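Here is what each chain is made of, one letter per residue.
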Amino acid sequence: MYRILVINPGSTSTKLAIFENEDMILSETLRHSSDELSRYDTIFDQYEFRKGVIVDFLEKSGYSIHDFSAIVGRGGLLSPIPGGTYEVNTSMIDELKQAKYGEHASNLGAVLAYELAQIAGIKSYIVDPVVVDELAEIARLSGHPELPRKSIFHALNQKAVARRAAAELGKNYEDANLIVVHMGGGISVGAHVKGKVVDVNNALDGDGPFTPERSGTLPLTQLIDLCFSGKYSKEWIMRRIKGNGGLVAYLGTNSAIEVQKRISEGDKKAEIVYRAMSYQIAKWIGKTAAAMKGDVDAIVLTGGLAYDERYMISWLKEYVSFIALVFVYPGGDEEKALALGVLRVLRGQEKAKIYSKEAEKWQKIMSL
């Protein structure tokens, strides 16, 4: 039996979970007020505070740091790397401490896991961070060499549900061809071909379908005209693309539950906007299927919007069921995905990857 501590830092919370093999035996979300966090200038400055709440959680729950086989943290903003489970090492820690690739609360995941694991004399890991990049060479070209396409998406949940779907099909993930759609505040549509995400929209920057709060891919020349109209700042434009786009822009809310309620009460505008979002998601699934030459074993719908069977899921099935089987796995269990990634390594089913080596390989490929 392997006991794994999972650490998932968010911008205003720290989610913790304890797993014994596949079974979660304890979980808690520790909320942090703006007053608590306002004292810290950078994400890394929060380290001691976050470490303290984890130690308190373990003590109150009757556990010692020495009770665990391994510790896993949420992967942060690192160099682009292939998917997999990575053993945390000093090169990774140094880059996260410096915020070399950007500031984000998830940067603390690996650091916290590493420092606590050092005390216990065990290993620490991260699994499928958002910077997973397995794009095919042909998918990286955007149309202009100064604007290469980037792979930034919901890698952790996409990879986890892809493995689940492959198992339902009686296949290994490495033998399956799947289209995985994570539908939350951001929406990512990934082409999973034989265990690699060879094409995916950059969900972080708003590429792809419009979402509850992101504008998605917009008419290019109209956007350029807006940027150079002299009426708006760069910050204003960015907020319209990420945060105040999509459902927020059309309906004034990022809550799909609120929109569903409006539709059920006869709001025609809410219905056409929500249906348009499903229409765009379906188009992105269709173009992904074409990029896979139609060789698709299943389409996997996941994320918060996948709970909406009445509208979103039923509409999407109408559009895309002709392509392949449709599996629906609502939500996104990040803590379990992290634990399972480590469990595969502990059981010898996978070998942990070394961050510095994989990052160097990626840099060499990109320099060719």
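What counts as what
- Residues numbered from 1 in each chain as written.
- Predicted model: local features only at pLDDT ≥ 70, side-chain atom pairs only at ≥ 80, totals over all residues.
- Heavy atoms only, no water.
- Axes fitted to C-alpha atoms, helices over the stretch in contact; angles between N-to-C directions.
- Helix = DSSP H or I, 4+ residues; strand = E, 2+ residues; numbered from the N terminus.
- Parallel < 35°, antiparallel > 145°, perpendicular 65-115°, else oblique.
- Left-handed = near helix turned anticlockwise from the far one by under 90°.
- Contact = heavy atoms within 4.5 Å.
- Polar contact = N/O pair within 3.5 Å; in protein donor to acceptor, adjacent residues only side chain to side chain.
- Buried < 20%, exposed > 50% of the residue type's maximum accessible area, 1.4 Å probe, protein only.
- Pairing = 2+ DSSP bridges.
- Core = buried A, V, L, I, M, F, W, Y, C linked by side-chain atoms within 4.5 Å.

Draft legend 1. Quick peek at the packing of helix α10 (residues 256–264) against helix α11 (residues 268–291). Look at α10 against α11: their axes get within 8 Å of each other, and the N-to-C directions meet at 130°. With respect to their mutual orientation, α10 and α11 come out oblique. Crossing of α10 against α11: the hand is left-handed. Across the interface between the two elements, Ala 256, Val 259, Gln 260, Arg 262 and Ile 263 from α10 touch Ala 270, Glu 271 and Tyr 274 from α11.

Draft legend 2. Main features of the side chain of Asn 201. Relative to the helices and strands, Asn 201 resides in the loop between β9 (196–200) and α7 (220–227). One polar contact links the side chain of Asn 201 to the main-chain amide nitrogen of Val 189, over a distance of 2.7 Å. Looking at Asn 201, its side chain comes within polar contact range of the main-chain oxygen of Asp 207, at 2.8 Å. Every residue in contact with Asn 201, bar those within four places of it in the chain, is listed here: Arg 149, Ile 152, Phe 153, Ile 187, Ser 188, Val 189, Asp 207, Gly 208, Pro 209 and Trp 284.

Draft legend 3. Representation of the environment of Ser 91 within the structure. Topologically, Ser 91 is positioned in helix α3 (residues 90–98). Given a relative accessible area of 25%, Ser 91 falls into the partly exposed group. Between the C-alpha atom of Ser 91 and that of Arg 164, which follows or precedes it by 73 residues, the distance is 32 Å. Setting aside residues no more than four positions away along its own chain, Ser 91 makes contact with Tyr 355 and Ser 356. Here the side chain of Ser 91 touches Asn 89 through a polar contact of 3.0 Å, side chain to side chain.

Draft legend 4. Representation of the sheet that holds strand β6 (residues 123–127) within the structure. With respect to topology, 7 strands assemble into an open sheet ordered β3-β2-β1-β4-β6-β5-β12, the strand pairing being mixed. This sheet does not close on itself; its edge strands, each paired only once, are β3 (23–31) and β12 (353–354). Relative to β6, strand β5 (residues 85–87) runs antiparallel, the two sharing 3 bridges. Paired with Tyr 86 across the bridge in β6 is Ile 126. Sheet strands touched by helix α2 (residues 47–61): β1 (3–9), β2 (13–20) and β3. Its angle to β2, the strand with the most contacts, is close to 40°.

Draft legend 5. Just the sheet that holds strand β7 (residues 177–183), in detail. Spatially, 5 strands are ordered β9-β8-β7-β10-β11 in an open sheet, and the strand pairing comes out mixed. Edge strands, defined here as strands with exactly one partner in the open sheet, are β9 and β11 (325–330). In this sheet, neighbouring strand axes are inclined to one another by 25° on average, regardless of whether the strands run parallel or antiparallel. Here β7 pairs with strand β8 (residues 187–193) via 7 bridges, running antiparallel. When the sheet's bridge partners are listed, Leu 178 is paired in β8 with His 192. In the packing of helix α6 (residues 155–168) onto the sheet, the strands contacted are β7, β8, β9, β10 (298–303) and β11, and the crossing angle to β7 comes to about 135°.

Draft legend 6. Just the side chain of Arg 140, in detail. Turning to its location among the elements, Arg 140 is positioned in helix α5 (residues 137–140). Apart from the residues lying within four places of it in its own chain, the contact partners of Arg 140 are Asp 133, Leu 135, Pro 148, Arg 149, Trp 362 and Met 366.

Draft legend 7. Geometry of the pairing of β8. β8 sits mainly inside the fold: 6 of its 7 residues count as buried. Taken together, β7 and the strand that follows it, β8, pair antiparallel across an intervening segment of 3 residues. A loop of 2 residues connects β8 with β9, the two strands running antiparallel in sequence, and Lys 194 in this loop sits at a positive phi of about 50°.

Draft legend 8. Layout of the environment of Asp 199. Tracing the chain through its elements places Asp 199 in strand β9. Under the relative-accessibility criterion, Asp 199 is labelled partly exposed at 22%. Each C-alpha atom, one on Asp 199 and one on Asn 172, is 20 Å from the other, the two residues being 27 residues apart in sequence.

Draft legend 9. Focus on the pairing of β6. Within β6, 4 of the 5 residues are buried, leaving the element largely enclosed by the surrounding structure. As paired strands, strand β4 (residues 70–73) and β6 are joined by 4 bridges and run parallel to one another. For Ala 70, the partnering residue across the bridge sits in β6 and is Lys 123.

Draft legend 10. Representation of the packing of α3 against helix α4 (residues 107–120). The geometry of α3 relative to α4 is characterised by a closest axis approach of 9 Å and an angle of 135° between their N-to-C directions. Considered as vectors, α3 and α4 are oriented oblique to each other. The handedness of the crossing between α3 and α4 comes out as left-handed. Here Thr 90, Met 92, Ile 93, Leu 96 and Lys 97 of α3 lie close against α4, whose contacting residues are Asn 107, Ala 110, Val 111, Tyr 114 and Glu 115.

Draft legend 11. Layout of the nonpolar core. In this structure, Leu 5, Ile 7, Ile 54, Leu 58, Ile 71 and Met 92 are the most contacted members of the largest nonpolar core, which totals 38 residues. Of all the secondary structure elements, the ones that give two or more residues to this core are β1, β2, α2, α3, α4 and α14 (355–367). With 9 residues, the top contributor of residues to this core is α4. Once residues within four sequence positions are removed from consideration, Ile 7 is found in contact with Thr 14, Lys 15, Leu 16, Ile 54, Ile 71, Val 72, Gly 73, Arg 74, Leu 112, Ala 113 and Leu 116.

Remember, this is a structural readout, not a statement about activity or role.
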